[in-house]
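Observations on chain architecture
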Amino acid sequence: MNTVRAAMRETAPPALFVVVLLALWELWAGQSTSRNPVLPAPSRIWHALVDTAPLLPSHVRTTLTETAVGVLLGVSTGVIVAVVVSGWPLARRVLHPLLVASQTVPIQVLAPLLVLWAGFGLAPKIIVVALVVFFPVTVSTTAGLQNVDLEYIELIRSFGGGRAVLLRMVMIPAALPPLFAGLRISLTYAVAGAVIGESIGATSGLGLYIARSQRAFRYDQVFVGVAVVTVLSMVLFSLVSVLAWVLCPWQRQTDRST
Amino acid sequence: MILVEGLQHSFESLDVIADVSFSVDRGRFCAVVGPSGCGKSTLLRILAGLLAPSDGRVDIDGHRAVGRIGHTAYMAQRDLLLPWRRALANATVGAEARGLDRRAARTQSLGLFERFGLAGFERSWPHQMSGGMRQRLALLRTFVAGLDVLLLDEPFGALDAITRRDLQTWLDQFLTENQHTVVLVTHDVDEALLLADEVLVLSPRPGTISARVQSPYPHPRPSRLVTDADFISRKAAVLEALGQAGPRTG
Ligand SMILES: Nc1ncnc2c1ncn2[C@@H]1O[C@H](COP(=O)(O)OP(=O)(O)OP(=O)(O)O)[C@@H](O)[C@H]1O
Ligand SMILES: [Mg+2]
């Protein structure tokens, strides 16, 4: 009962806000439909969604595959780099400027080059997603590992615990919450990264769908694509939140209070 | 047993321990008191093998202990409970780090939770426990590690006076039943004399032993011992050694 009421109190205001926004949008855009095809009314977007629904699943599947593989790749390289960088100061000095530089190259510039190198298949999009995920994960995991209380390490050492014990009992659990924090941040860009990659050259995917619709001046379909991307991002975000909730049970209480 | 001879330690140019020699026989309890910053924690960390001293000799059970780790159960000044482990899993941290059987350590801990007044909190997270409970859990972890030599750095430092008395009485009883060789660092002179067989008084930094006061009462000791005339005269001796070593010299 209480949890249901609490959940209602959490979700009701934003839901209501979205409904009001959609209504206003419908009213405003509904009158100018013929003159302004660039901003179609929500009802027209809905119709476009119903019309193109049979096309969407295969595009969604492509984009999801690229995102999932890219995220896994980005997270695993991020964690490896974080471990190396936090355990080896020289590596940090060498890699840190490169890490920062890697983030200053806009994806829109990088993506066409990647397509040239890696072809029209999944590979260039996976690389884009991995690049997007890699940096926040590396930075926050490195910070997590470096901020481990030295006295915890001493405690384990004083009982004769070696590196493996230290890793299992202290380093991994200490690095998990910051890793998830970094992953949450980067996930909001991950799907978008795949879509940008697809819009440059692809045989399937939501980015291709959006690009084609754009070329055909079907802005209602463009909005369908954008809406699907948003929903996918939110689903991924929730999945990772659930994973964090499961893997970091000690964080649950503090999460709720803040 | 613990044997310390001619121990010296400096952190770069800061002389922390000047020249310290003492020994603690197997099953005996030694307390160390001294002004803040005189090197008490440093001494314990050297005994634990966590810190190599600048000079001197440390033997634990007949083996050279300098830099040798895992032969003492060390309880630091902070409780150092791992926030990602529940109370029971924290109790077994020392035993697990030593490579002992986890299941056996759990069973032993479960038995001790009652005695430490922690029954019912086995599945609590450290942040859900009071300061006193956390400290008791850290002490429990130190016992469950299953080592003879215990090095305790102000184990009751964060506790209120009443809980502190309770735990002192309790520790005294526990150690009477379970033979351990103990070095206890404390600021509390009553606590030192009440628990220990011998009290070492350290001078201000760089620390040397300015007095050794015996506390020859049989264990377990009643807490009303603190009002005993002989106890009070020994307490006066400790306080005087602390006072002499204090600001008057400067
Ligand atoms: N790792 C270190 N590096 C440099 N100096 C240190 C280090 N550890 C301790 N010190 C210095 O050594 C001195 C003794 O420290 P120590 O922690 O042993 O004191 P203490 O007697 O335990 O004090 P307290 O009663 O306040 O706990 C202090 O002046 C402290 O600043
Ligand atoms: Mg200290």
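See the structure printed just above.
This section reports on the structure supplied with the text. Bear in mind that the values here come from a model prediction, so they are computed numbers and not experimental data.

Chain A puts 20 residues into the contact, and the matching count from chain B is 26 residues. Carbon and sulfur atoms supply 63% of the area that chain A and chain B bury against each other, a total of about 2200 Å² over both sides. Counting across the interface, chain A meets chain B through four salt bridges. Ionic pairing is found between Glu151 of chain A and Arg78 of chain B, a salt bridge with its closest N-O pair at 2.9 Å. For the side of chain A that touches chain B, the elements supplying multiple residues, two or more each, are helix H7 (150-158) and helix H8 (163-200) of chain A. At seven residues, the largest contribution of residues to the side of chain A that touches chain B is made by H7 of chain A.

Take the pairing of strand E9 (residues 198-202) of chain B next. All names here are of chain B. Within E9, five of the five residues are buried, which leaves the element mostly enclosed by the surrounding structure. Of the two faces of E9, the one holding Glu198, Leu200 and Leu202 and the one holding Val199 and Val201 are both buried throughout. Where strand E3 (residues 29-33) and E9 come together, four bridges link them in parallel fashion. Of the residues in E9, the one forming a bridge with Val33 is Val201. Of the pairings in the sheet, the one linking E9 to strand E10 (residues 207-214) comprises five bridges and is antiparallel in character. For Leu200, the partnering residue across the bridge sits in E10 and is Arg212.

Procedures and definitions
- Residues numbered from 1 in each chain as written.
- Chains lettered and ligands numbered in written order.
- Predicted model: local features only at pLDDT ≥ 70, side-chain atom pairs only at ≥ 80, totals over all residues.
- Heavy atoms only, no water.
- Contact = heavy atoms within 4.5 Å.
- Buried area = accessible area lost by both parts, 1.4 Å probe.
- Salt bridge = Lys/Arg side-chain N within 4 Å of Asp/Glu carboxyl O.
- Helix = DSSP H or I, 4+ residues; strand = E, 2+ residues; numbered from the N terminus.
- Buried < 20%, exposed > 50% of the residue type's maximum accessible area, 1.4 Å probe, protein only.
- Pairing = 2+ DSSP bridges.

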